[in-house]
Amino acid sequence: MRIVVLAGGIGGARFLRGLKAATPDADITVIGNTGDDIHLFGLKVCPDLDTVMYTLGGGINEDQGWGRSDETFQVKSELAAYGVGPEWFGLGDRDFATHIVRTQMLGAGYPLSAVTDALCDRWQPGVRLIPMSDDRVETHVAVELEGERRAVHFQEYWVRLRASVDALAVVPVGAEQAKPAPGVLEAIAAADVVLFPPSNPVVSVGTILSVPGIREAIADAGVPVVGLSPIVGDAPVRGMADKMLAAVGVESSAAAVAEHYGSGLLDGWLVDTADGATVERVEAAGIRCRAVPLMMTDLDATAEMARAALALAEEVRT
Ligand code: FO1
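Here is what the cut-offs are and how they apply
Residues numbered from 1 in each chain as written. Predicted model: local features only at pLDDT ≥ 70, side-chain atom pairs only at ≥ 80, totals over all residues. Heavy atoms only, no water. Phe/Tyr/Trp six-rings, centres within 6.5 Å; stacked < 30°, edge-to-face > 60°. Helix = DSSP H or I, 4+ residues; strand = E, 2+ residues; numbered from the N terminus. Buried < 20%, exposed > 50% of the residue type's maximum accessible area, 1.4 Å probe, protein only. Lys NZ or Arg CZ within 6 Å of the ring centre and 35° of its normal. Core = buried A, V, L, I, M, F, W, Y, C linked by side-chain atoms within 4.5 Å. Domains from an automatic or database assignment. Contact = heavy atoms within 4.5 Å. Salt bridge = Lys/Arg side-chain N within 4 Å of Asp/Glu carboxyl O. Near = heavy atom within 4 Å. Polar contact = N/O pair within 3.5 Å; in protein donor to acceptor, adjacent residues only side chain to side chain. Areas by Shrake-Rupley, 256 points an atom, 1.4 Å probe, with all protein chains shown as cover. Buried area = accessible area lost by both parts, 1.4 Å probe.

J.: Summarise the packing of aromatic side chains; cite the residues concerned and give the values.
T.: Given two aromatic rings, one states the distance between the centres and the angle between the planes to describe the pair. Within this structure, the stated rule accounts for six aromatic pairs. Summarising the aromatic geometry, the rings of Tyr54 and Trp123 are spaced 5.3 Å apart at their centres and angled 70 degrees between planes, so their arrangement reads as edge-to-face. Residue Tyr54 is found in helix α2 (residues 47-57), and its partner Trp123 is found in helix α5 (residues 112-123); the two are separated by 69 residues along the sequence. Since its relative accessible area comes to 1%, Tyr54 is described here as buried. Relative accessible area serves as the criterion here: at 10%, Trp123 is assigned to the buried category. Each residue in the set Phe196, Tyr261 and Trp269 is aromatic and connected to the rest through ring pairs, giving one cluster. For Arg68, the ring lying beneath its charged end belongs to Tyr54, and the centroid distance is 5.7 Å.

Rendered as C-alpha cells:
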C-alpha cells in the first residue's frame, strides 16, 4: 500500500511512528512542511524536516519532540559569548552538524530535496521524506507589539514570544512562487491513501497545501483523504494550534478544523472520543467521521489511531 502523509513537526512525526508500526509493509512518503525553516548563523535550519528525520531515525530528543538526544550547547554558548544572537532558539552541537551539512550541500547547488535524501541516508527513517518545495517558503506572523503592527518569523512567534500575543495573520511568504518539490505530485498521484496527521492545520498542513498544485493534486487524486484532529475537547493536544486557528478565523474545535479543510479535500475525519458529539456536525459537512481515542500516549495507541484512519479510508473508498 502506498501512503502519502502531509507532516509538520512533533505531532506529525509521532503519528508517523505509529503508522510505520501499523503498516510495516507500506510504502510511506512524507511531504514535509518547510514553512518553519529559519536561517541562523548563516545556516538553514529545517525544524519540521529534522523532527520527522530524527524521530523516525531514532535521534530525537524524546521529551522535547525536537532537536537531538544527548545534546550539548557549547557552540551556542560560544556564540552568546560573542554577543551573536538570537539566544532564544536552542541549537545544540549535534544539531548544528545537520545544518552545516545541509547548508554546505545547498551552497554546492543541491536542491533541498536532494539534501534531505542525503541526510536521510544516515538516519534511515523508513519513509521517503520530501520537502513540500525546493523553493524558499517561510511563515511569518503579523502581531501587534508595543502598539505597533509587525511581521515576525514564525519561529520568533512560536519560540521567543511563545504565541503569547494574538496572531493577526499568518503568511507563508514565497508560497505563491513555490513549486512542489520533485516527487511530491508523483507520490500523490500514485498514492492509495493520503493522510493528514494531527499536525498544525494552519502552519503545517496548511502551509504544505499553500504550495500551488499540492491541494489540487490531493483533491483530484481520486483516493481517500483522511485526517486526524489535532484538537481534542476544543484545545490543541500540544502546541498552540488554537492561536493559529484564530488567526485564520477558525474556532479551536475538531469539527471546525474538518470544515476548514473542507469536503472538497477531506473524505474522512477522526475525532477523539471526547468529541463524539461532534461527529454529526462533521458528517453534515459531507465528511465521514468516526470518534476514536486520539491521544498518542504510546506506540500502540498511535498505531491504533493509524489503523483507524486506514479503516476509515477503506470505508469511504468508492
Ligand atoms: N522549540 C522551542 O520551543 N524552543 C527552541 O529553542 C527550539 C529550538 C529548535 C531548534 C531546532 C529545531 O529543529 C526545532 C526547534 N524548536 C524549538 C522547535 C520548533 O520551533 C518547532 O518544532 C517547529 O518549528 C514547530 O513545529
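J.: I'd like a description of the nonpolar core, backed by residues and values.
T.: Among the nonpolar cores identified, the biggest contains 58 residues, and Leu6, Phe196, Ile218 and Trp269 are the most heavily contacted of them. By residue number, the principal contributor to this core is helix α11 (residues 254-261), which donates six residues. Counting the residues that make up this core, at least three belong to each of domain 1 (2-133 + 177-317) and domain 2 (138-171). Excluding residues within four positions of it along the chain, Phe196 makes contact with Leu6, Val205, Leu209, Ile218, Val225, Val226, Gly227, Leu228, Tyr261, Leu265 and Leu266.

J.: An account of the pattern of salt bridges is needed here, citing residue identities and associated values.
T.: Under the counting rule described, the total for this entry stands at 16 salt bridges. Its salt-bridge partner being Arg102, residue Asp50 comes within 2.4 Å of it at the nearest N-O pair. Of the two residues, Asp50 is situated in helix α2 and Arg102 in helix α4 (residues 93-107); the sequence distance between them amounts to 52 residues. The exposure class of Arg102 is buried, given its relative accessible area of 1%. Among the salt bridges present, the one from Arg290 reaches Glu283, with a minimum N-O distance of 3.7 Å. Looking at Arg290, the relative accessible area reads 32%, which means it is partly exposed. Overall, the relative accessible area of 34% leaves Glu283 in the partly exposed class. Linked by salt bridges that have partners in common, Glu283, Arg288, Arg290 and Glu315 make up one network.

J.: Give me the site of the ligand: which residues, what numbers.
T.: Asp36, Pro47, Asp48, Gly90 and Gln155 are the nearest of the 15 residues found near the ligand. Within the contact set of the ligand, an oxygen atom lies 2.8 Å away from a backbone nitrogen or oxygen of Gly90. For the ligand, an oxygen atom lies 2.6 Å from a polar atom in the side chain of Gln155. The fraction of the free accessible surface of the ligand (530 Å²) that becomes covered by protein chains is 90%. Those elements that provide at least two residues to the shell around the ligand are α2 and α6 (154-160). When residues in the shell around the ligand are grouped by element, the largest group, four residues, is from α6.

J.: An account of α11 is requested, with residue identities and associated values reported.
T.: Most of α11 is tucked away: six of the eight residues are buried. Burial in α11 covers these residues: Ala254, Ala255, Ala256, Val257, Ala258 and Tyr261. Among the residues trailing α11, Gly262 stands out with phi positive, at a value near 90 degrees.

J.: Could you give an account of the environment of Ser133, naming the residues involved and the relevant values?
T.: Checked against the element boundaries, Ser133 lands in the loop between β5 (128-131) and β6 (138-145). Along the sequence, Ser133 and Gly32 sit 101 residues apart, while their C-alpha atoms lie 8.7 Å from each other. At 2.7 Å, the side chain of Ser133 and the backbone oxygen of Lys179 are in polar contact.

J.: Any chance you could break down the domain arrangement of the protein for me, citing the residues and the numbers?
T.: Under the domain assignment used here, the protein contains domain 1 (2-133 + 177-317) and domain 2 (138-171). A C-alpha centroid distance of 21 Å is found between domain 1 and domain 2. Facing 18 residues of domain 1, the contacting portion of domain 2 comprises 19 residues. Taken together, the two surfaces of domain 1 and domain 2 that pack against each other cover about 1,500 Å², and 66% of this comes from carbon and sulfur. Considering only the side of domain 1, the residues that lose the most area to domain 2 are Trp88, Met240 and Lys243, jointly responsible for 40% of the buried surface there. Summed over the shared surface of domain 1 and domain 2, the result is one salt bridge. For Asp166, the salt bridge identified is with Lys243, shortest N-O distance 3.3 Å. Counting every contact that joins domain 1 to domain 2 gives six residue pairs in polar contact (both at pLDDT 80 or more). Among the elements of the structure, β3 (38-40) and α10 (241-247) are those that each provide at least two residues to the side of domain 1 that touches domain 2. No other element matches α10, which puts four residues into the side of domain 1 that touches domain 2.

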